[in-house]
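Commentary on secondary and tertiary structure
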Amino acid sequence: QVQLVESGGGLVQPGGSLRLSCLVSGSILSIYDMAWYRQAPGKQRELVASITRGGTTNYLDSVKGRFAISRDNAKNTAYLKMNSLKPEDTAVYLCISDYLGIGHITWGQGTQVTVSS
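Residues numbered from 1 in each chain as written. Predicted model: local features only at pLDDT ≥ 70, side-chain atom pairs only at ≥ 80, totals over all residues. Heavy atoms only, no water.

Time to look at the overall build of the chain. Counting secondary structure elements, the chain contains zero helices and eleven strands. For the chain, the succession of helices and strands along the chain, N to C, is β-β-β-β-β-β-β-β-β-β-β. Rg of the C-alpha trace for the chain: 13 Å, near the compact-globule value of 13 Å for 117 residues, within the 12% margin. Taking the principal axes of the C-alpha coordinates as reference, the chain spans close to 40 × 25 × 25 Å. Of all 117 residues assigned to the chain, the portion counted as buried reaches 41%. Intrachain contacts of the chain at a sequence separation of at least 6 include 55% that bridge at least 24 residues. Element-wise, carbon and sulfur atoms account for 49% of the exposed surface of the chain, whose accessible area totals about 6,000 Å². Mean positive and mean negative side-chain charge positions of the chain (11 and 8 charges, respectively) differ by 4 Å. (Helix = DSSP H or I, 4+ residues; strand = E, 2+ residues; numbered from the N terminus. Rg over C-alpha atoms; globule rule 2.2 N^0.38 Å. Buried < 20%, exposed > 50% of the residue type's maximum accessible area, 1.4 Å probe, protein only. Contact = heavy atoms within 4.5 Å. Areas by Shrake-Rupley, 256 points an atom, 1.4 Å probe, with all protein chains shown as cover. Lys, Arg positive; Asp, Glu negative; His and termini not counted. Charge placed at Lys NZ, Arg CZ, Asp CG, Glu CD.)

Right, dumping it as structure tokens:
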């Protein structure tokens with residue numbers, strides 16, 4: 001049974017940076033497409049960024065040029081590097097895995113990101 005553990009969230013000032021990590025256990029990262037979602041209070045959950053097993057990436061328009069998703073299959077870890085953070089980026093960020101890209105989804109527990117001065 002695959003499990004996902006996110007880390008790296010915290011409180012950061014506007015304009016700052018954070019790197020989130022998503023460690024995959026119980027399986028190997030290379031067989032999963034990966035993605036990051038976020039959930040802010042009172043708002044719908046939204047897809048922030050995704051990366052396929054082959055390395056193709058996609059981003060939410062509002063984070064393009066600021067966020068970068070990556071993966072290190074040797075470390076069984078996916079990452080989300082977030083630069084130029086804004087208060088509207090404040091949310092719980094959740095990692096998901098998609099087994100072979102067929103829609104067999106597993107969710108992590110989430111990590112809080114708060115952007116505030």
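More follows now that the structure is in view.
Moving on, we get to the nonpolar core. Counting residues in hydrophobic clusters, the biggest one holds 27 residues, and the most contacted among them are Met34, Trp36, Phe67, Leu80, Met82 and Tyr93. Secondary structure elements with two or more residues in this core: β3 (18-25), β4 (32-39), β5 (46-51), β7 (67-72), β8 (77-82), β9 (91-99) and β11 (111-115). Among the elements that line this core, the one with the most residues is β3, at four residues. (Core = buried A, V, L, I, M, F, W, Y, C linked by side-chain atoms within 4.5 Å.)

Looking now at the side chain of Asp89. One can find Asp89 in the loop between β8 and β9. Judged by its relative accessible area of 0%, Asp89 is buried. Discounting residues that sit within four places of it in the chain, Asp89 has contacts with Arg38, Arg66, Phe67, Ser84, Val113 and Val115.

Attention now goes to the layout of surface pockets. Sizing a probe to match a water molecule and rolling it over the atoms shows the empty space that remains. Approximately 150 Å³ is the volume attributed to the largest pocket. If you go around the largest pocket, the residues you meet are Arg38, Ala40, Lys43, Gln44, Glu46, Ser62, Arg66, Lys86, Glu88, Asp89, Thr90 and Ala91. Taken together, the residues that form the lining of the largest pocket break down as two nonpolar, three polar and seven charged. (1 Å grid on protein atoms, 1.4 Å probe; cavity = no way out; pocket = protein on both sides within 12 Å on 5 of 7 lines; lining within 4 Å. Points joined across faces, edges and corners; volume = space filled by probe spheres on them. Nonpolar A, V, L, I, M, F, W, Y, C, P; charged D, E, K, R; others polar.)

Attention now moves to the packing of aromatic side chains. All chains considered together, the criterion is met by two aromatic pairs. With a centroid separation of 5.0 Å and an interplanar angle of 55°, the aromatic rings of Tyr37 and Trp107 are classed as tilted. Within this pair, whereas Tyr37 is found in strand β4, its partner Trp107 is found in strand β10 (residues 104-107), the two being separated by 70 residues in sequence. The partly exposed category is assigned to Tyr37, whose relative accessible area is 21%. A cation sits over an aromatic face here: Arg45 above Trp107, 4.5 Å from the ring centre. (Phe/Tyr/Trp six-rings, centres within 6.5 Å; stacked < 30°, edge-to-face > 60°. Lys NZ or Arg CZ within 6 Å of the ring centre and 35° of its normal.)

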